[in-house]
Structure formats: C-alpha cells, structure tokens
Amino acid sequence: MTDVEDAHPGRCLCGGVAFVVTGPLRDVINCHCHRCRRWTGHHMAATSAAVGDIEVTGDVGWFYPDEHAAYGFCADCGSSMFWQAADEPERWSICAGTLDPPTDLRTSEAWWVSEASDYHTRPDLPEHATE
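All of these numbers come straight from a predicted model, not from anything done at the bench.

Draft legend 1. Region of interest: the side chain of Gln84. Here Gln84 lies in strand β8 (residues 80-85). Within the local environment of Gln84, its side chain forms a polar contact with the backbone oxygen of Pro89, the two atoms lying 2.8 Å apart. Among the polar contacts made by the side chain of Gln84, one reaches the side chain of Trp92 at a distance of 3.4 Å. Ignoring sequence-local partners within four residues, the contact set of Gln84 consists of Val51, Trp62, His68, Ala69, Ala70, Pro89, Glu90, Arg91 and Trp92.

Draft legend 2. The nonpolar core, seen in detail. If you look at the biggest cluster of nonpolar residues, it comprises 14 residues, and the most contacted ones within it are Phe19, Val21, Ile54, Met81, Phe82 and Ile94. Contributions of two or more residues to this core are made by β2 (18-21), β8 and β9 (91-95). Not counting chain neighbours up to four residues away, the residues in contact with Ile54 comprise Phe19, Val20, Val21, Ala49, Trp92 and Ile94. Among the nonpolar cores identified, the runner-up in size contains 9 residues, and Cys31, Trp39, Met44 and Tyr71 belong to it.

Draft legend 3. Quick look at the sheet that holds β2. Ordered by their spatial adjacency, 3 strands build an open sheet running β1-β2-β5, and the pairing between neighbours is antiparallel. A strand with exactly one partner marks an edge of an open sheet, and here the two such strands are β1 (8-11) and β5 (54-57). Strand-to-strand twist across the sheet, computed as the mean angle between neighbouring axes with direction ignored, equals 15 degrees. Of the pairings in the sheet, the one linking β2 to β5 comprises 4 bridges and is antiparallel in character. Within the sheet, the bridge partner assigned to Ala18 lies in β5 and is Thr57.

Draft legend 4. How the structure looks around the pairing of strand β7 (residues 69-74). In terms of burial, β7 is a largely internal element, 5 of the 6 residues being buried. Pairing analysis gives 5 bridges linking strand β6 (residues 60-66) to β7, with the strands arranged antiparallel. Bridge pairing in β7 links Asp66 to Ala69. Linkage of β6 to β7, two consecutive antiparallel strands, is achieved through a turn of 2 residues.

Draft legend 5. Structural view of the sheet that holds β8. Judged by pairing direction, the sheet is mixed, and its 7 strands sit side by side in the order β6-β7-β8-β9-β4-β3-β10 without closing on themselves. At either end of the open sheet lies a strand with only one pairing partner, and these are β6 and β10 (107-111). Taking each pair of neighbouring strands and ignoring which way they run, the sheet shows an average axis angle of 30 degrees.

Draft legend 6. Representation of unusual backbone geometry. With omega at 0 degrees, the peptide bond leading from Pro101 into Pro102 counts as cis. Counting through the fold element by element, Pro102 comes out in the loop between β9 and β10. Of note in the backbone geometry, Asp104 takes a positive phi value of approximately 60 degrees without being a glycine. Within the element layout of this structure, Asp104 appears in the loop between β9 and β10. You can call Asp104 exposed: its relative accessible area is 71%.

The rules behind each value
- Residues numbered from 1 in each chain as written.
- Predicted model: local features only at pLDDT ≥ 70, side-chain atom pairs only at ≥ 80, totals over all residues.
- Heavy atoms only, no water.
- Helix = DSSP H or I, 4+ residues; strand = E, 2+ residues; numbered from the N terminus.
- Polar contact = N/O pair within 3.5 Å; in protein donor to acceptor, adjacent residues only side chain to side chain.
- Contact = heavy atoms within 4.5 Å.
- Core = buried A, V, L, I, M, F, W, Y, C linked by side-chain atoms within 4.5 Å.
- Buried < 20%, exposed > 50% of the residue type's maximum accessible area, 1.4 Å probe, protein only.
- Pairing = 2+ DSSP bridges.
- Axes fitted to C-alpha atoms, helices over the stretch in contact; angles between N-to-C directions.

Structure (structure tokens):
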C-alpha cells in the first residue's frame, strides 16, 4: 500500500480487499435508486475518486446489471465496495462505510429519492428525484 500522509485507507468487512485513496475525495452522496438499495440493503452512501488515485489489494469481483454500471465487491465476504458508471470510467464511487475514520467527509445530497423505500426518513439534504 502507498504511504502518503493524506491517504484515505479503507477495507471490506473481512479485510480481504483493502484500498488507499491518495487523491481528493468527493463529498458523500446518498443514492436511493432501486439497484443501490438492493446492493447495499439500504441506500448507497458513496464518495468518489479518480481511479488512478485508488490502490487496491485483494480480489474485487464485479457485477454488471446492465451496460450502464458496475458494482465492485469483496469476492470473499461480499462487502459492497465500489460503483462505476460506464460513461465515467476514470472515476469509481467508493462506499463511504468502507473508509477508515476519520474521513473528514460530509453527506451533501441525495439522489433518486423518487425510489427511496417507504420506511426511510431522509435528513434535510438537497434532493433530486432522479439523477
């Protein structure tokens, strides 16, 4: 792994996949679309970084539900870890809960709230019905 003072380390539940982000992270965005709800079991809370700034060790599996997106997970424990849009191959979204605290991030907005589950009470964030 890279030894950088401003590095942002993270890992899956079992530790089989670990990563370090050495570049800037975007604030966290919550996504309530039906795919992210099913992928995470609630909603996706994700930051984002340039792929070139992410150093990963371990076995990341990828699931491609369609030609628009890919979801990355630990091949051992199944932890949801990454998301990548087909039209933005130079960036990965990173599940915020996989980052080691302190993250120094904040949740800035919520997307696809039109698909949020009925049990979810949303905090006071800027909301977008779709993307």
